[in-house]
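Fold and contact review
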Amino acid sequence: MTKILNLDRRSLLAVGALAAAAPVMAHAASKRPAPAFPKGFLWGAATAPHQIEGNNVSSDLWFVENQKPTVFAEPSGDAVNSLELWATDLDIVKSLGLTSYRFGVEWARIEPEKGLFSQAMLDHYKRIVEGCHARGLAPLVTFNHFTAPLWFSAQGGWTNPESAQLFARYCDKVARAIGADIAMAMTLNEPNILLILKNILPPPVWDMQRQTLAAATKRLGVERFLCANVAGREDVDAIVAGQMAGHKAARAAIKAVRGDLPVGFTLSVLDDQAAGKNSLRDKVRAELYGGWLEIAKGDDFIGVQNYERAVWNDKGRLPAPDGADRNWSGTEVWAPSLAGAVRYVHAATKVPVLVSEHGVGTEDDTLRARFIPAALEALKQAMDDGVPVLGYMHWSLLDNYEWIFGYKPRFGLCSVDRTTFVRTPKPSASVLGGIAKRNSL
Ligand code: FCB
């Protein structure tokens, strides 16, 4: 099999060095970025297994989605049936003109019972990796995108002292199955999401999360049931500590199988901006990203996932300006926020950045179509200013299951009929595809 892309640590560092040497003065000289992206820049779309595959019945979230009470607006059910339709999904990625696909492997399918590994499921994901290569797409793989096996969360999830070693054991199996043929590995997706949600979700939602977990704990007859993206506020610090140990153990396990495979994790990063004197911005940044950015310094790259900005004065977050573009939930969307987040993360870590998610949840695809080129223009300006960016993965390929919000938010480049599962690219998909095909703004 020909490997589409073989990024090793040395080439990543070379990208970094080149970018660092790029004239910082370019910014001052021209306001518009040079339109062409570097050769080999990865253009892709991102998905997560639980959100698209369907019937993830051995997972923790499947269980809690189907409890009473539950914080989930509706259960994931069949999702968009990508467990069967993955080849169709890859065909779409290819037909849009993209060059890579970020997808996840589902721990709950690979290890549905503690210590019981499914060769058939490892083979399934191997076929997806081969399917990427057959279509000329670089496979970028997330090893854990929020969901865990039910048994893992039923023993306290990431707060259990065994968690890092158990995660590493699973990552070892995955790396042995597909590690040789993937372009990049992401251990954890947004392990800082609960920290971010602390500031965003209103207290009643936290209460409902606690009630959901209490119902699951009782029904399973266990001491403590905890998920990675559904928890009580009081559990967040212990979960994050477990995930930090988990990432390090997973990185070592993957590297032991293939030392030159670029390994990192992805982080949820707002474009935090300071307003006025004594802005809370830096304090907020330290809380939300600080520990993770330290850890990323030891990785080959960091995945940045950005959806919005936050402007902080000395008292708190300021409301969005009048007339701002807004997403499905009324939150402001501001295209340059991606570049702001990327610049910040690179300055803090000095490692190359992969935009592992960026998008907008909206019924209005014209907003998405405007938002993509505007965000990419600002991103390219950051690159011209010396920030090494390896690629851009749009979230998401498909309208899918958006966690506690169910199927209402629409992030897809393609809509999906949830009865026939037919996928239909939206006009914004051609906008991104056009940029990808030209490799230029
Ligand atoms: C990110 C998640 C992803 C999706 C997008 C909208 O926080 O990683 O699964 O839910 O937000």
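A quick note: this is a predicted structure, and the numbers were derived from the prediction, not measured.

**Describing the sheet that holds strand β1 (residues 42-46)**
Around the barrel, 8 strands lie side by side as β1-β2-β3-β4-β5-β7-β11-β12; this closed barrel has parallel pairing. Taken pair by pair, the neighbouring strands of this sheet meet at an average axis angle of 25°, ignoring direction. Along the sheet face, helix α7 (residues 119-134) touches β2 (100-104) and β3 (138-144) and points at about 170° away from the line of β2. Lying over the sheet, helix α13 (residues 281-296) contacts β4 (184-189), β5 (263-268) and β7 (302-306), oriented at roughly 160° with respect to β5.

**Quick look at the site of the ligand**
Around the ligand, the surrounding shell consists of Gln-51, His-145, Phe-146, Asn-189, Glu-190, Gln-305, Tyr-307, Glu-357, Trp-395, Glu-402, Trp-403 and Phe-411. Contact distances for the ligand include 2.5 Å between an oxygen atom and a side-chain N or O atom of Glu-190. The side chain of Glu-357 places a nitrogen or oxygen atom 2.9 Å from an oxygen atom of the ligand. Coverage of the ligand by the protein amounts to 91% of the 290 Å² it exposes when considered alone. The residue makeup of the shell around the ligand, split by class, is 5 nonpolar, 4 polar and 3 charged.

**A closer look at the side chain of Gln-67**
The topology assignment puts Gln-67 in the loop between α4 (60-65) and α5 (82-96). Among the polar contacts made by the side chain of Gln-67, one reaches the side chain of Arg-219 at a distance of 3.2 Å. Those residues within four positions of Gln-67 in sequence are excluded, and the remaining contacts are Ala-215, Ala-216 and Arg-219.

**Considerations on the nonpolar core**
The nonpolar side chains of a soluble globular protein tend to be buried, and buried together. Residues Trp-43, Phe-143, Leu-379 and Tyr-392 are the most contacted members of the largest nonpolar core, which totals 123 residues. Among the elements that take part in this core, helix α15 (residues 365-384) stands out by supplying 9 residues, more than any other. Leaving out residues up to four positions away in the same chain, Trp-43 has contacts with Phe-37, Leu-98, Thr-99, Ser-100, Leu-376, Tyr-392, Met-393, Leu-432, Ile-435, Ala-436 and Asn-439.

**Let's talk about the pairing of β1**
Within β1, 5 of the 5 residues are buried, leaving the element largely enclosed by the surrounding structure. Two elements, β1 and strand β12 (residues 389-395), share 5 bridges in a ladder whose sense is parallel. Residue Ala-46 lies in a different strand from β12, and its bridge partner there is Trp-395. Strand direction decides the pairing type here: β1 and β2, joined by 3 bridges, are parallel. Bridged to Gly-44 within β2 is Ser-100.

**Quick notes on the environment of Trp-206**
Tracing the chain through its elements places Trp-206 in helix α11 (residues 203-220). For Trp-206, a relative accessible area of 1% gives the class buried. For the pair Trp-206 and Arg-233, spaced 27 residues apart in sequence, the C-alpha to C-alpha distance is 6.9 Å. Dropping the residues within four chain positions of it, Trp-206 is found in contact with Leu-194, Leu-197, Lys-198, Leu-201, Ala-231, Gly-232, Arg-233 and Val-236.

Cut-offs and rules
- Residues numbered from 1 in each chain as written.
- Predicted model: local features only at pLDDT ≥ 70, side-chain atom pairs only at ≥ 80, totals over all residues.
- Heavy atoms only, no water.
- Pairing = 2+ DSSP bridges.
- Helix = DSSP H or I, 4+ residues; strand = E, 2+ residues; numbered from the N terminus.
- Axes fitted to C-alpha atoms, helices over the stretch in contact; angles between N-to-C directions.
- Contact = heavy atoms within 4.5 Å.
- Near = heavy atom within 4 Å.
- Polar contact = N/O pair within 3.5 Å; in protein donor to acceptor, adjacent residues only side chain to side chain.
- Areas by Shrake-Rupley, 256 points an atom, 1.4 Å probe, with all protein chains shown as cover.
- Nonpolar A, V, L, I, M, F, W, Y, C, P; charged D, E, K, R; others polar.
- Core = buried A, V, L, I, M, F, W, Y, C linked by side-chain atoms within 4.5 Å.
- Buried < 20%, exposed > 50% of the residue type's maximum accessible area, 1.4 Å probe, protein only.

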